[in-house]
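The lines below spell out each chain.
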Amino acid sequence: MFKSAGIVARYDKEKALQLTEELSMHLNSKGIEVFIEDTLADKIEVQAKAVPLKEMKTDFIITIGGDGTILRTCLNSPKPEPLILGINMGVRGFLTEVEPNEACKAVDRILRGDFRIEKSTKLSAKIGEETLPDALNDVVISAGEPSKILYTEICKDGKSILKCQADGLIVATQTGSTGYSLSAGGPVLDKKMDAILVTPICALTVFRSLVFPTDSEITLNVIRPKQMLVMIDGNYHHMKSEKELTVKVTKSKNVSNFIRFENDFYDRLSCRLLFQGSR
């Protein structure tokens, strides 16, 4: 079923590097061709091809780290994206699936076809005619300076909804509803609720999150200042200064595909995010 696998890992953690070597040997023993991200090449000794993440066209990718590693992988991997198995070596690892001691067993299950695929919606964003990378979690706009207010008009399908004064705005997917949007006071969306969420960051007025259908076109017109910082999944940063600043966000044609076993959405919420310590 599978012939190749990629490994993306945190290179600032010795245990992540050790697990990369262990998994590489395990995959080789199963007859799987292994590719590692080129940033790991001089830090480990493995029988694997080192390639940039943008060129990692494999059947599936194993990430060793936390949610940040997964977001970086989804942002930069070739489209359509390979399946992703997340191994948790982060702080919470909400998007990850297994712990390090289960990594080799998880690989064996994948090779047997004993898994399911969880598809996650992504967002497409444009500044004018300039297309930005797709977002798995969120598209965030701000003035680019701490505590500087962004005055923005929010439109749905070309119709003005409201004007907002805030430190910034978060446009999030269902997956992103558990990230920055949640920290800013937004709701958690059920996995089956495919929607686009707009959450303000420290709004000056009484303004809570707005939830839109995914077939909506969300337009953010920045009234002032005449510059803005756009961030995609916390990894891609783009500063723009123009007389007219407009960001359009729609549902992307691309999705991220996660390998899942027994754990479901609410298991991860209970164990890793919302209700820690309550059981």
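None of the values given here were measured: they were computed from a predicted structure.

K.L.:
With reference to specific residues and values, describe the overall build of the protein.
P.N.:
Within the protein, the secondary structure is distributed over five helices and 17 strands. Expected size for 279 residues packed as a compact globule is a radius of gyration near 19 Å; at 20 Å, the protein falls within 12% of this value. Here the C-alpha coordinates of the protein stretch approximately 60 × 40 × 30 Å along the principal axes. Among the 279 residues that make up the protein, the fraction classed as buried is 52%. Within the protein, counting contacts between residues at least 6 apart in sequence, those at least 24 apart form 66% of the total. Summed over its atoms, the accessible surface of the protein is roughly 13,200 Å², and 49% of this surface lies on carbon and sulfur atoms. Treating the 37 positive side-chain charges of the protein as one cloud and the 37 negative ones as another, the clouds have centres 4 Å apart.

K.L.:
Can you lay out empty space enclosed by the protein for me, pointing to particular residues and giving the numbers?
P.N.:
A complete count under the given rule lists one cavity of 30 Å³ or more for this structure. Its volume calculated, the largest cavity comes out at about 60 Å³. Looking at the largest cavity, the residues that line it are Phe 94, Leu 95, Glu 118, Ser 120, Gln 174, Thr 175, Thr 178, Lys 191, Phe 258, Arg 260, Phe 265 and Arg 268. Along the lines of polarity and charge, the residues of the lining of the largest cavity split into four nonpolar, four polar and four charged.

K.L.:
Give me the lowdown on the layout of surface pockets, citing residues and values where you can.
P.N.:
Estimated volume of the largest pocket: approximately 270 Å³. Counting residues per element, the ones that place at least two in the lining of the largest pocket are α2 (67-76) and α4 (180-183). Across the lining of the largest pocket, the residue classes tally to six nonpolar, six polar and two charged.

K.L.:
Pulling in residues and values, what's your account of the sheet that holds strand β16 (residues 236-241)?
P.N.:
Here we have six strands laid out as an open sheet, ordered β13-β12-β11-β8-β15-β16, and antiparallel in their pairing. Each of the sheet's edge strands pairs with one partner strand only, and the pair in question is β13 (210-213) and β16. Looking at each pair of strands side by side, their axes are set apart by 20° on average, direction ignored. Examined bridge by bridge, strand β8 (residues 138-142) and strand β11 (residues 168-172) share five bridges and lie antiparallel to one another. Bridging across to β11, Val 140 finds its partner in Ile 170.

K.L.:
An account of the pairing of strand β17 (residues 245-260) is needed here, citing residue identities and associated values.
P.N.:
Two elements, strand β6 (residues 116-127) and β17, share eleven bridges in a ladder whose sense is antiparallel. Bridge pairing in β17 links Lys 126 to Lys 248. Here five bridges tie strand β14 (residues 218-224) to β17, and the two strands are oriented antiparallel to one another. The residue of β17 that forms the bridge with Thr 219 is Lys 248.

K.L.:
Please give an account of the packing of aromatic side chains that cites residues and values.
P.N.:
Given two aromatic rings, their pairing is described by the distance between the two centres and the angle made by the two planes. Evaluation of the coordinates by the stated rule reveals two aromatic pairs. Among the aromatic residues, ring-to-ring pairing joins Phe 2, Phe 60 and Phe 115 into one connected group. Of note, Lys 43 hangs over the ring of Tyr 11, and the distance from its end group to the ring centre comes to 5.0 Å. Lying across the ring of Tyr 151, Arg 224 places its NZ or CZ 3.8 Å from the centre.

K.L.:
Residues and numbers for the side chain of Ser 216, please.
P.N.:
Among the structural elements, Ser 216 can be located in the loop between β13 and β14. Classification of Ser 216 as buried rests on a relative accessible area of 2%. Polar side-chain contacts of Ser 216 include one of 2.8 Å to the backbone oxygen of Pro 213. Apart from residues no more than four positions distant in its own chain, Ser 216 is found in contact with Lys 156, Asp 157, Ile 196, Val 249 and Thr 250.

What counts, and at which threshold
Residues numbered from 1 in each chain as written. Predicted model: local features only at pLDDT ≥ 70, side-chain atom pairs only at ≥ 80, totals over all residues. Heavy atoms only, no water. Helix = DSSP H or I, 4+ residues; strand = E, 2+ residues; numbered from the N terminus. Rg over C-alpha atoms; globule rule 2.2 N^0.38 Å. Buried < 20%, exposed > 50% of the residue type's maximum accessible area, 1.4 Å probe, protein only. Contact = heavy atoms within 4.5 Å. Areas by Shrake-Rupley, 256 points an atom, 1.4 Å probe, with all protein chains shown as cover. Lys, Arg positive; Asp, Glu negative; His and termini not counted. Charge placed at Lys NZ, Arg CZ, Asp CG, Glu CD. 1 Å grid on protein atoms, 1.4 Å probe; cavity = no way out; pocket = protein on both sides within 12 Å on 5 of 7 lines; lining within 4 Å. Points joined across faces, edges and corners; volume = space filled by probe spheres on them. Nonpolar A, V, L, I, M, F, W, Y, C, P; charged D, E, K, R; others polar. Pairing = 2+ DSSP bridges. Axes fitted to C-alpha atoms, helices over the stretch in contact; angles between N-to-C directions. Phe/Tyr/Trp six-rings, centres within 6.5 Å; stacked < 30°, edge-to-face > 60°. Lys NZ or Arg CZ within 6 Å of the ring centre and 35° of its normal. Polar contact = N/O pair within 3.5 Å; in protein donor to acceptor, adjacent residues only side chain to side chain.

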